[in-house]
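If you want the building blocks of each chain, they are given just below.
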Amino acid sequence: MGSWRAVLLQCLALAALVGIVTFAAPADARLWVLACGAAALAFFLGVTASRHRQIKRLAQEIDEVLHSGRAIDFSNCREGDVAVLSNELAKMVAQLARTNQLLEHERNALADALADISHQIRTPLTAAALMVPMIERAEGAEERKRLGRELESLLDRMAWLIVSLLKIAKVDAGAIQVSREEVPVADLVRQAAQPLATALDLHGVRLEVDVPNDVAFEGDGRWSAEALENIIKNCMEHTPAGGAVIVSAREDALSTSVTVRDTGAGIAAEDLPHIFERFYRGERADDAQTAGFGIGLALAQALISVQGGTLSAANGPEGGALFQIAFPKTVV
């Protein structure tokens, strides 16, 4: 209503102007001036009415987008400034549609992740709950001590799972802080292998390192070490006693690559496409292989990807699993 009041005031002002010009014109030209003024006033009213109809239609279409979610075509406007407004509204609607699809995808992904987390945590929690009465009923200090160590190990695994899931969630949310610095690969391997020294001894698996001291890459040393630790740990768990995990590195003009391979049975063909999926542990996994939660390699890939690197998996030409990390060099 307010817009039409403004149009009415404009028409009155234009009519008053036409009247003043007509009155001031010579007597023989007044009729011509009045006709031109009337024509101009009629043209103004026609253009204004057309514009208001288009704006009203745009308002109705926007209302339909907001309340019914319909996809509206804003391409029917012909007039210049209204066409510009229509084009901008079309961009806004398209962006809102993409955002809505992204939110729907993230909502579904969150629901799936929560279901997976609930399932993964429920099993060790149930096992821990069952072990408590077993410890209470155990005969002798040695039996209670053994069960206590098993419970402690189970709780440690649960803590590792929760921390890993939180790290992946931070990567997914883009909340992880990544630094860019020169990282010597030899130092990276030492940092990654240090927490696994005891586990390697217990498994009877050797760690062989073939990394020149001058090989380096640009990235985050702390997160890269954690990713490499998870890869070495995975290889160790799938290598029989007496075997080895071999870490090597090379550098060329395009990238720095770190390769981790083991002397185990390798990765089954049906498992290769899913090897980095969260909670995936393989279709042919036996008891020894199901010790993990299927989250270590997913976390490793997330930590490498957030730095702009890539992590791939394959079977080595001589057998065993082979993982390759590649950090591309920045070209200036």
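Quick note: structure is the one above.
Our subject in this report is the structure included herewith.

**Some points on the overall build of the protein**
- What the protein contains, in helices and strands, is eight helices and seven strands.
- When each of the 332 residues of the protein is scored for burial, the buried share is 33%.
- Once local pairs closer than 6 in sequence are excluded, the contacts in the protein between residues at least 24 apart make up 66%.

**Focus: the sheet that holds strand 7 (residues 321–328)**
- With mixed pairing, the five strands of this open sheet are ordered in space as 2-4-5-7-6. Strands at the two margins of the open sheet, each flanked by one partner only, are strand 2 (206–210) and strand 6 (310–315). Strand-to-strand twist in this sheet, taken as the mean axis angle between neighbours without regard to direction, amounts to 15°.
- Pairing of strand 4 (residues 244–251) with strand 5 (residues 255–262) involves seven bridges; the strand directions are antiparallel. Its bridge partner being in strand 5, Val245 is matched across the sheet by Asp262.
- Where helix 8 (residues 296–305) meets the sheet, it contacts strand 6 and strand 7, and its direction lies at approximately 140° from that of strand 6.

**Quick look at the side chain of Asn234**
- One can find Asn234 in helix 7 (residues 221–237).
- Among the residues examined, Asn234 registers a relative accessible area of 18% and is labelled buried.

**Comments concerning the pattern of salt bridges**
- Counted by the stated rule, this structure contains nine salt bridges.
- A salt bridge links Lys167 to Glu226; the shortest N-O distance between them is 2.3 Å. Taken as a pair, Lys167 in helix 4 (residues 141–172) and Glu226 in helix 7 lie far apart in primary sequence, 59 residues in all.
- On the basis of relative accessible area, Glu226 is assigned to the buried category, the value being 18%.

**Overview of the packing of helix 4 against helix 8**
- As a packed pair, helix 4 and helix 8 sit with axes 10 Å apart at the nearest point and diverge in direction by 30°. Put simply, helix 4 runs roughly parallel to helix 8. Like other packed secondary-structure pairs, helix 4 and helix 8 cross with a definite hand, here left-handed. Between helix 4 and helix 8, the residues in contact are Trp160, Ser164, Lys167, Ile168 and Val171 and Gly296, Ala298, Leu299, Ala302 and Leu303, respectively.

**Section: the environment of Arg157**
- By the secondary structure assignment, Arg157 is in helix 4.
- With 33 residues separating them along the chain, Arg157 and Pro124 place their C-alpha atoms 8.6 Å apart.

**Let's talk about the packing of aromatic side chains**
- This model, assessed by the stated rule, comprises two aromatic pairs.
- Between Phe217 and Phe327, the ring centres sit 4.0 Å apart and the planes meet at 5°, which makes this aromatic pair stacked. Placement of the pair is Phe217 in strand 3 (residues 216–219) and Phe327 in strand 7, with a sequence separation of 110 residues.
- For Phe217, a relative accessible area of 4% translates into the label buried.
- With 6.4 Å between their ring centres and 70° between their planes, Phe276 and Phe323 make a pair best called edge-to-face.

**Structural notes on the nonpolar core**
- Within the largest apolar cluster, 49 residues are counted, with the highest numbers of intra-cluster contacts made by Val185, Leu228, Ile231, Ile232, Val260, Phe323 and Ile325.
- Sorting the residues of this core by element identifies helix 4, helix 5 (185–193), helix 7, strand 4, strand 5, helix 8 and strand 7 as the ones contributing at least two each.
- In terms of residues, this core owes the most to one element, helix 7, which gives eight residues.
- Excluding anything up to four places from it in sequence, Ile325 contacts Leu228, Ile231, Thr256, Ser257, Val258, Ile304, Thr310 and Leu311.

**Remarks on the side chain of Thr256**
- Along the polypeptide, Thr256 turns up in strand 5.
- A distance of 2.8 Å separates a polar side-chain atom of Thr256 from the backbone oxygen of Ala216.
- What Thr256 contacts, discounting residues up to four positions off in sequence, is Val185, Val215, Ala216, Phe217, Arg250, Glu251, Ile325, Ala326, Phe327 and Lys329.

**Focus: helix 8**
- Counting buried positions along helix 8 gives eight out of ten residues, so the element sits mostly inside the fold.
- On its buried face, helix 8 is in contact with helix 4, helix 7, strand 6 and strand 7.

**Let's talk about the pairing of strand 6**
- Relative to strand 7, strand 6 runs antiparallel, the two being bridged by six bridges. When the sheet's bridge partners are listed, Thr310 is paired in strand 7 with Ala326.
- In this structure, the hairpin formed by strand 6 and strand 7 is closed by a connection of five residues, where Gly319 is found at a positive phi of approximately 95°.

**Overview of the packing of helix 7 against helix 8**
- Direction vectors running N to C along helix 7 and helix 8 enclose 150°, while the axes themselves pass 8 Å from each other. Viewed along their axes, helix 7 and helix 8 adopt a mutual orientation that is roughly antiparallel. Once helix 7 is placed against helix 8, the crossing between them reads as left-handed. On helix 8, the residues that touch Trp223, Glu226, Ala227, Asn230, Ile231 and Asn234 of helix 7 are Gly296, Leu297, Leu299, Ala300, Leu303 and Ile304.
- Classifying every residue of the contact of helix 7 with helix 8 by side-chain character gives eight nonpolar, three polar and one charged.

So, how was this worked out
- Residues numbered from 1 in each chain as written.
- Predicted model: local features only at pLDDT ≥ 70, side-chain atom pairs only at ≥ 80, totals over all residues.
- Heavy atoms only, no water.
- Helix = DSSP H or I, 4+ residues; strand = E, 2+ residues; numbered from the N terminus.
- Buried < 20%, exposed > 50% of the residue type's maximum accessible area, 1.4 Å probe, protein only.
- Contact = heavy atoms within 4.5 Å.
- Pairing = 2+ DSSP bridges.
- Axes fitted to C-alpha atoms, helices over the stretch in contact; angles between N-to-C directions.
- Salt bridge = Lys/Arg side-chain N within 4 Å of Asp/Glu carboxyl O.
- Parallel < 35°, antiparallel > 145°, perpendicular 65-115°, else oblique.
- Left-handed = near helix turned anticlockwise from the far one by under 90°.
- Phe/Tyr/Trp six-rings, centres within 6.5 Å; stacked < 30°, edge-to-face > 60°.
- Core = buried A, V, L, I, M, F, W, Y, C linked by side-chain atoms within 4.5 Å.
- Polar contact = N/O pair within 3.5 Å; in protein donor to acceptor, adjacent residues only side chain to side chain.
- Nonpolar A, V, L, I, M, F, W, Y, C, P; charged D, E, K, R; others polar.

Everything listed is a geometric property; what it means functionally is a separate question.
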